[in-house]
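# Observations on the model geometry
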Amino acid sequence: AAGWVQDNNSQPVGVTAWFQGNPTVFPAHAGATNAYIGANFNNTSGTGTISNWLLTPPATLVNGATLTFFTRKIGSTFPDRMQVRMSTAGMSVNVGTLATDVGDFTVLLLDINPTYQPDPAYPVVWTQFTVTVTGVATPTLGRLAFRYFVENGGPSGANSDYIGIDTVVFTPGVVAAT
């Protein structure tokens, strides 16, 4: 809705994608107890690579623009990981087709727990993150993306459990007058 796009490229694809938050797992950061978006180990089946994308609506990207959000995971022995990526390819929703593809989202802005460290490397309480757009020479239409990306994940894997994202705010950068 409202220009957001979801694409689950997990291999193999599981029985879930992004879903409404489950307040029995943990309550939302703000608003109603289920007012967050979640993803979990069932984004793939067996043991696989989770690559579940949540793309923001298109926005004018300029150096200094920020994306602020809160995220957390459930406390467990299964490490989680999430990336924030950027595409400057206009309204593109190209994230590739394989679990390891990034399509047009080639710029990595943030990688939470890339080495799969145990808790609390991925926070187990709602924690605020802010990423700043850089490397954009001129104002450019593009998208930012959350990517739940977990290798060796799934119900039979050593990694992946349950994450949530809440209170997402995009703040446009200032375009200098010429």
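Heads up: the structure comes first, above all this text.
First things first, this report covers the structure right here in the doc.

Cut-off values and rules
Residues numbered from 1 in each chain as written. Predicted model: local features only at pLDDT ≥ 70, side-chain atom pairs only at ≥ 80, totals over all residues. Heavy atoms only, no water. Phe/Tyr/Trp six-rings, centres within 6.5 Å; stacked < 30°, edge-to-face > 60°. Helix = DSSP H or I, 4+ residues; strand = E, 2+ residues; numbered from the N terminus. Buried < 20%, exposed > 50% of the residue type's maximum accessible area, 1.4 Å probe, protein only. Lys NZ or Arg CZ within 6 Å of the ring centre and 35° of its normal. Polar contact = N/O pair within 3.5 Å; in protein donor to acceptor, adjacent residues only side chain to side chain. Contact = heavy atoms within 4.5 Å.

## Considering the packing of aromatic side chains
In this structure the tally under the stated criterion is eight aromatic pairs. Ring geometry for phenylalanine 26 and tyrosine 162: centres 5.2 Å apart, planes at 90 degrees, overall edge-to-face. Note that phenylalanine 26 is positioned in the loop between strand E3 (19–20) and strand E4 (37–40) and tyrosine 162 in strand E12 (residues 162–171), a separation of 136 residues in sequence. For the pair formed by phenylalanine 26 and tyrosine 162, the shared burial category is buried. Centroid distance phenylalanine 69 to phenylalanine 146: 5.0 Å. Interplanar angle 85 degrees. Geometry classified as edge-to-face. Linking phenylalanine 69 in strand E7 (residues 66–73) with phenylalanine 146 in strand E11 (residues 140–153), this pair joins segments that are 77 residues apart in sequence. One exposure class covers both phenylalanine 69 and phenylalanine 146, and it is buried. Three or more aromatic residues joined by ring pairs make a cluster, and in this case those are Phe19, Phe26, Tyr36, Trp126 and Tyr162. Sitting over the ring of phenylalanine 26, arginine 72 keeps its end group 4.0 Å from the ring centre. In this structure, arginine 147 packs its charged tip against the face of phenylalanine 149, placed 3.7 Å from the ring centre.

## Remarks on the side chain of asparagine 159
Examined against the element boundaries, asparagine 159 turns out to sit in the loop between E11 and E12. You can call asparagine 159 buried: its relative accessible area is 10%. Here glutamate 151 takes part through its backbone oxygen, which lies 3.0 Å from a polar atom of the side chain of asparagine 159. Those residues in contact with asparagine 159 that lie beyond four places of it in its chain are Phe78, Pro79, Tyr116, Val150, Glu151, Asn152, Gly153 and Gly154.

## A look at unusual backbone geometry
Residue glutamine 11 is joined to proline 12 through a cis peptide bond whose omega torsion reads -10 degrees. Mapped onto the elements of the fold, proline 12 is located in strand E2 (residues 11–13). At tyrosine 116, a residue that is not glycine, the phi angle is positive and equals roughly 55 degrees. Its location among the elements puts tyrosine 116 in the loop between strand E9 (107–112) and strand E10 (127–132). Although it is not a glycine, asparagine 152 adopts a positive phi angle of roughly 55 degrees.

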